[in-house]
Amino acid sequence: MTNFSWCRMGLIFVLMAVTRMVFAATSAENIEVGKAEIFMPQRNASATGSKMTIYNRSDKPLIIREVTGQRFKQIMLHATTYKSGQREMYPVEQITVAAHQKLALTPNTSHIMLMGFTRPLQRGEFVSLILHTNQGLVRVIARVVPMSVR
Ligand SMILES: [Cu+2]
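These numbers come from a predicted model, not from an experiment.

Cut-off values and rules
Residues numbered from 1 in each chain as written. Predicted model: local features only at pLDDT ≥ 70, side-chain atom pairs only at ≥ 80, totals over all residues. Heavy atoms only, no water. Core = buried A, V, L, I, M, F, W, Y, C linked by side-chain atoms within 4.5 Å. Buried < 20%, exposed > 50% of the residue type's maximum accessible area, 1.4 Å probe, protein only. Helix = DSSP H or I, 4+ residues; strand = E, 2+ residues; numbered from the N terminus. Contact = heavy atoms within 4.5 Å. Donors = N, O, S within 2.8 Å, 3.2 Å for Na, K, Ca; no water. Tetrahedral: all angles 85-135°; square planar, octahedral: opposite > 155°, others 65-115°. Pairing = 2+ DSSP bridges.

A.B. asks: Run through the nonpolar core, naming residues and quoting values.
C.D. replies: Within the largest apolar cluster, 26 residues are counted, with the highest numbers of intra-cluster contacts made by I38, I54, F72, I112 and L129. If you list the elements that add at least two residues to this core, you get β1 (31-39), β3 (50-56), β4 (62-68), β5 (72-83), β7 (95-97), β9 (111-117), β10 (126-133) and β11 (136-145). The biggest single contributor to this core is β11, with 4 residues. Setting aside its immediate chain neighbours within four residues, I112 contacts T48, G49, S50, M52, V67, I75, M76, L77, L105 and L131.

A.B. asks: Residue-level account of the coordination of the copper ion, with values.
C.D. replies: For the copper ion, the protein coordination sphere consists of H78 (ND1), M89 (SD), H111 (NE2) and M113 (SD), at 2.1 to 2.3 Å. For the copper ion, the 4 donor atoms in the first shell make angles of 92 to 119 degrees at the metal, a pattern classed as tetrahedral. Here the donor residues of the copper ion are spaced in sequence according to H-x10-M-x21-H-x1-M. According to the relative accessible area criterion, H111 is buried, its value standing at 1%.

A.B. asks: How would you sum up the sheet that holds β5? Please name residues and give values.
C.D. replies: Read across the sheet, 4 strands follow the order β2-β9-β5-β6 without closing on themselves; strand pairing throughout is antiparallel. For this open sheet the edge positions go to β2 (47-48) and β6 (86-91), each flanked by a neighbour on one side alone. Across 2 bridges, β2 lies against β9 in antiparallel orientation. Bridge pairing in β9 links A47 to M115.

Here is the structure:
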């Protein structure tokens, strides 16, 4: 009987330790994401853009290195330039939000580009994305909205 409860205590400690490790590894404290939206893809399009505002309330830069999400086959970080009035997007390695700053990601600036849908996006639905950053994982729930909102 005594052995059994010690065993249980040990198990509980192990579980607590694991929980704490997972928490530390996955939570980027002081980071908030506001108004995350994914644009409804245009007819037959295999890619679409998104927008959101990232608030870095921490004392160090937030560096987004990768974004994942089960609804997409590939997710890229993009930046936008204008060449003789034409909008051009190009892939970037990372997007940085300076300490104590906010950054709006939009199709006209840096943004998260979503490519290849594992199943069609429905207008109004909520889709999860995970930002992989130097401060840990940041979970984002984005709403699928009509393109015209842009
Ligand atoms: Cu793009």
